[in-house]
Amino acid sequence: MESLIGLVNRIQRACTALGDYGGGDNAFSSLWDALPSVAVVGGQSSGKSSVLESIVSRDFLPRGSGIVTRRPLVLQLHKTDDGQQEYAEFGHIPRRRFTDFGMVRKEIADETDRITGKTKQISPVPIHLSIYSPNVVNLTLIDLPGLTKVAVEGQSETIVEDIENMVRTYVGKPNCIILAVSPANQDIATSDAIKLAREVDPTGERTFGVLTKLDLMDKGTNALDVLEGRAYRLQHPWVGIVNRSQADINKNVDMIYARRKEREYFATSPEYGHLASKMGSEYLAKLLSKHLEQFIKARIPSITSLINKSIDELESELDHLGRPIAVDAGAQLYTILELCRAFDKIFKEHLDGGRPGGDRIYGVFDNQLPAALRKLPFDRYLSVQNVRKVVSEADGYQPHLIAPEQGYRRLIEGALNYFRGPAEASVDAVHFVLKELVRKSIGECQELKRFPSLQSTIAAASNEALEKFRDEGRKTVVRLVDMESSYLTVDFFRKLPQEMETPKGGKPEAAAAVDRYGEAHFRRIGSNVSSYVNMVSDTLRNTLPKAVVYCQVKEAKQSLLNYFYTQIGKKEGKALSELLDEDPALMERRMQCAKRLELYKKARDEIDSVAWVR
């Protein structure tokens, strides 16, 4: 079973190397959270640090008054063979071994200050420390800031709540074993550690009680009621600890010697002698290790399930990000063409209705164009005053005799010129929609997201092609308008009634003479021209969309990247490589996914290979 704890430590160490650890916002911290660990909880000056140092048999933690532990310390203990040198490694400076544990203490303090500054503030960002020693058992312990009841000078007003919330993020996890540390010289009913443990673990299945400072109790008193479970019962037995005194710390008393003194204390104590075999830091370490073995064994199936699920998700993520690109020019050209086809497929789906956006082109024809045609100023242009002016100018020195044909022609030609504006505006509106669909299609093409240079090149090539299609579309719609101006539909005017107004008691000839210069005459001319213009407007309303679709939309669907394909075929290896220059952030993302995938697969293989008895 020892191999199981070592396995968990190795997986946690690998998670630490990749930054996949709990207590943060990392999206891949679920494996770390699923692995069992032991969190040490207690009030300030309850003896937490001394308990940890007793378990490690090394003096390595910063000491002082107030809040000394201001960041979580994730401590991984790795048992080595007897005779091997003890050393420590930090997660933030990997591959550097510390054999001087005084330097370990200094590095913990310096690393704490690096995040929090030289203040009394706290930070949830953990410090990761691994200790390799023959004097430890395989364990992962998390030292948390001590719970406090009031903020002191230099601390924020929310420090009490902040510390409690930080501690809860660890001990609230169902895979966390709680080591609740309380001093024996205080009433257990006021223990901050027990109070919090009872809230997050009401059944007590995950809580181990540790009673420190037994040797500092007032004479004539003892802690048997607590240790024997009468004062406060836990599912697991309480363990008493005798830490080094301040005088021993000042004299740098060796931790091995301190352990021996602790054993002697319990063995010779009249109050605790009958409990000596179940007291002390050595027993606590073995008890935790044994329980952790059972804990891991019970959770192996769920951990394996989580690992398999994570492997599937990571492989899917790698497929989404894409595999590394080949260096061969032929393979690179093939990749570029495949990426272009993927983009082109999405672009066509937008146009054909598989994706939203193409309906905006129909909106140009069904809403914008008719609205623009209705807004043309024909009422002003065909007013009586303007009709009289145009007709009179067309007659020159010789007034028209029956019908002012030249006046009609000039009025119609002038009116039809107004259609150029809406026709060209339709071309521009569709061009804008097509450009926007190119931009959206590039953004939606997952395969292209890897290659910002190719994205830019495809966008530039597409927009260049769309400009050409727009020019052709503009020429075509202008031609349609000019065609209407160049030849008028004669039958329309032949069918117009020849109206003559005869005044009462007057002769028709006189009426005609008066009508040439009367307002009714010019109004009738304007009305006839308006009818003809409306007929042309209806025609253009149907033909302009056909021209725009034929010159722009259809061409965009069929030959958007044709010129680009021609040019790309002429490029050599270096130019192709430049187009496939990936986004550095995406490359980093793929590399991290690959590392995590390797970690999860290795963890699965190791779990499968470990021999354990169900």
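The name recorded for the protein chain in an unreviewed UniProt entry is Dynamin-related protein 1E, from Solanum pinnatisectum. Here is the UniProt Sequence similarities (unreviewed entry) comment for the protein chain, exactly as written: "Belongs to the TRAFAC class dynamin-like GTPase superfamily. Dynamin/Fzo/YdjA family." For the record of the protein chain, the UniProt heading Subcellular location (unreviewed entry) holds the text "Cytoplasm, Cytoskeleton, Phragmoplast".

K.L.:
Outline helix H3 (residues 48-56), supporting the account with residue identities and numerical values.
P.N.:
The buried fraction of H3 is high, at nine of nine residues. For H3, the set of buried residues is Lys48, Ser49, Ser50, Val51, Leu52, Glu53, Ser54, Ile55 and Val56. Ser57, located one to two residues past H3, shows a positive phi value of around 65°.

K.L.:
Any chance you could break down the pattern of salt bridges for me, citing the residues and the numbers?
P.N.:
Enumeration according to the criterion identifies 34 salt bridges in this entry. With a shortest N-O distance of 2.7 Å, Asp110 and Lys106 are connected by a salt bridge. Of this pair, Asp110 and Lys106 both sit in helix H4 (residues 101-116), four residues apart, which is roughly one turn of the helix. Where Lys557 meets Asp352, a salt bridge forms, and the shortest distance between an N and an O atom there is 2.8 Å. Residue Lys557 is found in helix H20 (residues 519-559), and its partner Asp352 is found in helix H11 (residues 329-352); the two are separated by 205 residues along the sequence.

K.L.:
Lay out the packing of aromatic side chains with the relevant residues and their values.
P.N.:
Applying the stated rule across the entire model yields eleven aromatic pairs. An angle of 75° between the planes, with centres 5.6 Å apart, marks the rings of Tyr381 and Tyr418 as edge-to-face. Linking Tyr381 in helix H13 (residues 378-381) with Tyr418 in the loop between helix H15 (405-417) and helix H16 (420-444), this pair joins segments that are 37 residues apart in sequence. A ring pair is formed by Phe492 and Tyr532, whose centres lie 5.3 Å apart and whose planes are at 65°; its orientation type is edge-to-face. Of this pair, Phe492 sits in helix H18 (residues 490-494) while Tyr532 sits in helix H20, and the two are 40 residues apart along the sequence. Members of the aromatic cluster, each reached through a chain of ring pairs, are Phe378, Tyr381, Tyr418 and Phe419. Directly above the aromatic system of Tyr170 lies the positively charged group of Lys173, at a separation of 5.3 Å from the ring centroid. Its guanidinium or amino end placed over the ring of Tyr563, Lys468 lies 4.8 Å from that ring's centre, counting from NZ or CZ.

K.L.:
How would you summarise the pairing of strand S8 (residues 207-212) if you had to cite specific residues and measurements?
P.N.:
The side chains of a regular strand alternate, first on one face of the sheet and then on the other. Across the six residues of S8, six count as buried, placing the element largely inside the fold. With burial as the criterion, each face of S8 is covered, one bearing Thr207, Gly209 and Leu211 and the other bearing Phe208, Val210 and Thr212. Here strand S7 (residues 176-183) pairs with S8 via six bridges, running parallel. By the bridge assignment, Leu179 is partnered in S8 with Phe208. Assessed by its sense of winding, the connection that carries the chain from S7 through helix H6 (residues 192-200) to S8 is right-handed. Taken together, the two bridges between S8 and strand S9 (residues 239-240) define a ladder with parallel strand orientation. Counterpart to Val210 in the pairing with S9 is Val239.

K.L.:
Account for the nonpolar core, naming residues and giving values.
P.N.:
Membership of the largest hydrophobic core comes to 72 residues, with the highest contact counts inside it found for Phe343, Phe347, Leu411, Phe419, Leu454, Ile458 and Leu560. Top contributing element to this core by residue count: H20, with twelve residues. If sequence neighbours within four positions are ignored, Leu560 has contacts with Phe343, Phe347, Val438, Ala461, Ser462, Ala465, Leu466, Phe469 and Glu555.

K.L.:
Account for helix H10 (residues 281-321), with residues named and values stated.
P.N.:
If you check H10, its first and last C-alpha atoms are just 50 Å apart, much less than what 41 residues at 1.5 Å a residue would give, namely 60 Å. In the structure, H10 departs most strongly from a straight axis at Arg299, where the bend amounts to approximately 50° and where the proline Pro301 lies between one and four residues downstream. Of the residues flanking the end of H10, it is Gly322, one or two places downstream, whose phi is positive at about 95°.

K.L.:
I'd like to hear about the sheet that holds strand S5 (residues 127-133), residue by residue, with values.
P.N.:
Ordered in space as S4-S3-S5-S2-S6-S1-S7-S8-S9, the nine strands form an open sheet in which the pairing is mixed. Both outer strands of the open sheet, strand S4 (93-98) and S9, are each paired with one neighbouring strand and no more. Note: strand S1 (residues 37-42) against strand S6 (residues 139-143), three bridges, orientation parallel. Across the sheet, the residue bridging to Val40 is Asp143, located in S6. Sitting on the sheet, H6 touches S1, S7 and S8, and the angle it makes with S7 is about 155°.

About the thresholds
- Residues numbered from 1 in each chain as written.
- Predicted model: local features only at pLDDT ≥ 70, side-chain atom pairs only at ≥ 80, totals over all residues.
- Heavy atoms only, no water.
- UniProt positions renumbered as here; feature names shortened; annotations may be inferred.
- Buried < 20%, exposed > 50% of the residue type's maximum accessible area, 1.4 Å probe, protein only.
- Helix = DSSP H or I, 4+ residues; strand = E, 2+ residues; numbered from the N terminus.
- Salt bridge = Lys/Arg side-chain N within 4 Å of Asp/Glu carboxyl O.
- Phe/Tyr/Trp six-rings, centres within 6.5 Å; stacked < 30°, edge-to-face > 60°.
- Lys NZ or Arg CZ within 6 Å of the ring centre and 35° of its normal.
- Pairing = 2+ DSSP bridges.
- Right-handed = clockwise from strand over helix to strand, strands pointing away.
- Core = buried A, V, L, I, M, F, W, Y, C linked by side-chain atoms within 4.5 Å.
- Contact = heavy atoms within 4.5 Å.
- Expected span 1.5 Å × (residues − 1).
- Bend = angle between axes of the 7 residues up to and from the residue.
- Axes fitted to C-alpha atoms, helices over the stretch in contact; angles between N-to-C directions.

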